[in-house]
Amino acid sequence: MSGLAGPRPTHSGPTQDSAGEPRGAGEAQASGRQRKAEVPDPRVMAMRRVHRALGELRRGTPVLIRGLVPGASPAGTAVCTETSLGQGLLVAAAETVSARGLAEFTGTEPVLLLSPVRAAALLSRPVELQPAAPREAEAAPVALRTSPALLLPEVLRSLADPTLETLLPERPQPAPVPPLAAAAVALAKLGRLLPALVATPLGALPPGLTEVPAADILSYPGTAAATLTRVAEASVPLEDAPEARVVAFRAADGGIEHLAILVGQPEALAATGGAPLTRVHSECFTGDLLGSLRCDCGPQLRGALARMAAEGGGVLLYLAQEGRGIGLVNKLRAYALQDRGLDTLDANRALGYGADERSFLVAAEMLRALGIPRVRLLTNNPEKVAGLAACGIEVAARVRHAFVANGVNDGYLDTKARRFGHLFG
């Protein structure tokens, strides 16, 4: 057949190397033993399984979550417990699932998994949105019964997305929450999808679908942070900091990179026991690139670099955690909800996300890789101070980093102070 190589010839004698020289049988055998000895890193394999599952969910195809899930022993130590009846959980993202994907649920009685806030809205029940703490763990997911009238792609999207105003054919009712529901919601969040899923317990993996262990999903954030490595570095003179370098970090999953912007020589200061001025900055496409007036991210980014240059050095960690960890698309949805009267915290909650979904493990690992274990943190957010400290980074001081309201972001800054506890004074 044209364009295809024929069968490989077999050789009974010595092979040849790339230069055409004979290679002895002993050398070939040693090479074979070396290949057999190469065992894949289990952390990498786990992250790859999660990535495959995320790809399927985003394409509208269901996946099966199975395996052990973390539990708690009576003494409070983490253990692993089997799921009920050893079953898996077949799940599909409500905002992307196709009619073909829904066909995989035929013959079952699937439920819709939602956050408590979104479920309360669909049930027309009042919900208390005032949190005890901004980074308080989100409550366990709620399950609602489905029906043929609800199991349609367009209806499921309206059930998942509070920005879509659609008249529902019927109102769903509460149902028992299946095992592995928390892992299902965590998987959707990793994919920056709305945390709303069609789900049903299932024992066997349907043909052609992907399976992912629950333990891989729940351990993913820590695994990704622990496998960060430096992959590139270059001098990049900046308008606010001419003596700047950018260092790129990538996790073993090959996902999106996080960046460290080094102004001057902060590593040299750290090597002598000093605490370089440090800013942990989550990317903000609208504020950093477009100059959005809805937030203070752009002024904070440029102001931090200018201050580091004025003080002779510092490090700014630019983390790929848009919208406090919910992603750009969901941040735009949150903006739409804010235009209807919600503040930035309630909007995230209404979408099914926590008030703040960011992880500071990534920032801590980057600082350790740069040889900077001790910092002066440029922030108004006490949660960042506590988060870095919990990850083993010593915060020698918190340095105020506030900017005047611009007439558009006044309410946003007020919410930061009043509900997130930011310290602007």
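Summary of the structure given here.

How each quantity is defined
Residues numbered from 1 in each chain as written. Predicted model: local features only at pLDDT ≥ 70, side-chain atom pairs only at ≥ 80, totals over all residues. Heavy atoms only, no water. Phe/Tyr/Trp six-rings, centres within 6.5 Å; stacked < 30°, edge-to-face > 60°. Lys NZ or Arg CZ within 6 Å of the ring centre and 35° of its normal. Helix = DSSP H or I, 4+ residues; strand = E, 2+ residues; numbered from the N terminus. Contact = heavy atoms within 4.5 Å. Patch = residues over 30% accessible without salt bridge, like charges linked within 9 Å, V, L, I, M, F, W, Y side chains within 5 Å. Areas by Shrake-Rupley, 256 points an atom, 1.4 Å probe, with all protein chains shown as cover. Salt bridge = Lys/Arg side-chain N within 4 Å of Asp/Glu carboxyl O. Buried < 20%, exposed > 50% of the residue type's maximum accessible area, 1.4 Å probe, protein only. Pairing = 2+ DSSP bridges. Axes fitted to C-alpha atoms, helices over the stretch in contact; angles between N-to-C directions. Lys, Arg positive; Asp, Glu negative; His and termini not counted. Polar contact = N/O pair within 3.5 Å; in protein donor to acceptor, adjacent residues only side chain to side chain. Parallel < 35°, antiparallel > 145°, perpendicular 65-115°, else oblique. Left-handed = near helix turned anticlockwise from the far one by under 90°. Nonpolar A, V, L, I, M, F, W, Y, C, P; charged D, E, K, R; others polar.

### Points about the packing of aromatic side chains
Item 1. According to the stated counting rule, one finds 0 aromatic pairs in the structure shown.
Item 2. The ring of F420 is capped by R324, whose NZ or CZ atom sits 4.4 Å from the centre of that ring.

### Section: the environment of A149
Item 1. On the secondary structure map, A149 appears in the loop between β8 (142-145) and α5 (153-160).
Item 2. With residues up to four places along the chain from it excluded, the contact list for A149 reads V155, P169 and E170.

### Thoughts on a nonpolar patch on the surface
Item 1. Side chains of F285, L289, L290, L328 and L332 sit close together on the surface and give an oily, nonpolar patch of about 480 Å² of accessible area.
Item 2. Elements supplying a minimum of two residues to the nonpolar patch: α9 (285-289) and α12 (328-338).
Item 3. Since its relative accessible area comes to 46%, L332 is described here as partly exposed.

### With respect to the sheet that holds β8
Strand-to-strand pairing in sheets goes through backbone hydrogen bonds, with the strands running parallel or antiparallel.
Item 1. Ordered in space as β9-β8-β7-β10-β6-β3-β11, the 7 strands form an open sheet in which the pairing is mixed. Looking at which strands have only one partner, the edges of the open sheet turn out to be β9 (174-175) and β11 (210-213).
Item 2. Relative to strand β10 (residues 197-202), strand β6 (residues 88-93) is paired through 6 bridges, and the arrangement is antiparallel. The residue of β10 that forms the bridge with L89 is P201.
Item 3. Set on the sheet, helix α2 (residues 42-58) makes contact with β3 (63-66), β6, β10 and β11; between it and β11 the angle comes to about 130 degrees.

### Considerations on unusual backbone geometry
Item 1. Unusually for a residue other than glycine, R192 sits at a positive phi of about 55 degrees.
Item 2. Note that R192 resides in the loop between α6 (181-190) and β10.
Item 3. The exposure class assigned to R192 is partly exposed, which follows from its relative accessible area of 34%.
Item 4. With phi around 55 degrees, R324 is a residue other than glycine that occupies positive phi space.
Item 5. With respect to the secondary-structure elements, R324 resides in helix α11 (residues 322-325).

### Some details on the pairing of β8
Sheet faces and side chains relate simply in a regular strand, where the side chains alternate between the two faces.
Item 1. Relative to β8, strand β7 (residues 111-114) is paired through 4 bridges, and the arrangement is antiparallel. Within the sheet, the bridge partner assigned to L113 lies in β8 and is A143.

### A look at the sheet that holds strand β17 (residues 374-378)
Item 1. The strand order across the open sheet built from 7 strands is β12-β13-β14-β16-β15-β17-β18, with neighbouring strands paired in mixed fashion. The sheet is open, and its two borders are formed by β12 (229-235) and β18 (394-399), each paired with just one other strand. Strand after strand, the sheet turns through a mean of 25 degrees between neighbouring axes, direction not considered.
Item 2. Packing of helix α10 (residues 297-311) onto the sheet brings it into contact with β14 (258-264), β15 (277-282), β16 (313-319), β17 and β18, and relative to β15 it is tilted by some 160 degrees.
Item 3. Packing of helix α14 (residues 361-369) onto the sheet brings it into contact with β12, β13 (244-250), β14, β15, β16 and β17, and relative to β16 it is tilted by some 140 degrees.

### Focus on the side chain of R324
Item 1. Lacking a salt bridge, the buried R324 has D356 as its closest oppositely charged neighbour, with an N-O distance of 4.7 Å.
Item 2. Reaching out from R324, the side chain makes a polar contact with the side chain of T344 at a distance of 3.0 Å.
Item 3. Ignoring any residue separated from it by four or fewer positions in sequence, one finds R324 in contact with T344, N348, A355, D356, E357, R358, Y412, K416 and F420.

### A word on the packing of α2 against helix α7 (residues 214-226)
Item 1. Where α2 meets α7, the closest approach of the two axes is 10 Å, and the angle between their N-to-C directions is 125 degrees. Relative to α7, the element α2 lies oblique. Read as a crossing pair, α2 and α7 show a hand that is left-handed. Where α2 abuts α7, its residues R43, A46, M47, R49, V50 and H51 lie against D216, I217, Y220, T223, A224 and A226.
Item 2. The class makeup of the residues in the contact of α2 with α7 is 7 nonpolar, 2 polar and 3 charged.

### Here's the deal with the pattern of salt bridges
A side chain of one charge can pair with a side chain of the opposite charge if their charged atoms are brought near each other.
Item 1. Scanning the model with the defined rule gives 22 salt bridges in all.
Item 2. Here K331 makes a salt bridge to E322, at a shortest N to O gap of 2.5 Å.
Item 3. The exposure class of K331 is buried, given its relative accessible area of 7%.
Item 4. Residue classification places E322 among the buried residues on the basis of a relative accessible area of 6%.
Item 5. The shortest N-O distance in the salt bridge between R419 and D343 comes to 2.7 Å. Taken together, the positions of R419 in helix α16 (residues 410-419) and D343 in the loop between α12 and α13 (344-350) put the pair 76 residues apart, joining distant regions of the chain. Of the two residues examined, R419 and D343, each falls in the buried class.
Item 6. Because the salt bridges share partners, they merge into one network encompassing R230, E233, R245 and E267.

It is worth stressing that arrangement in space is one thing and function is another; only the former is reported here.
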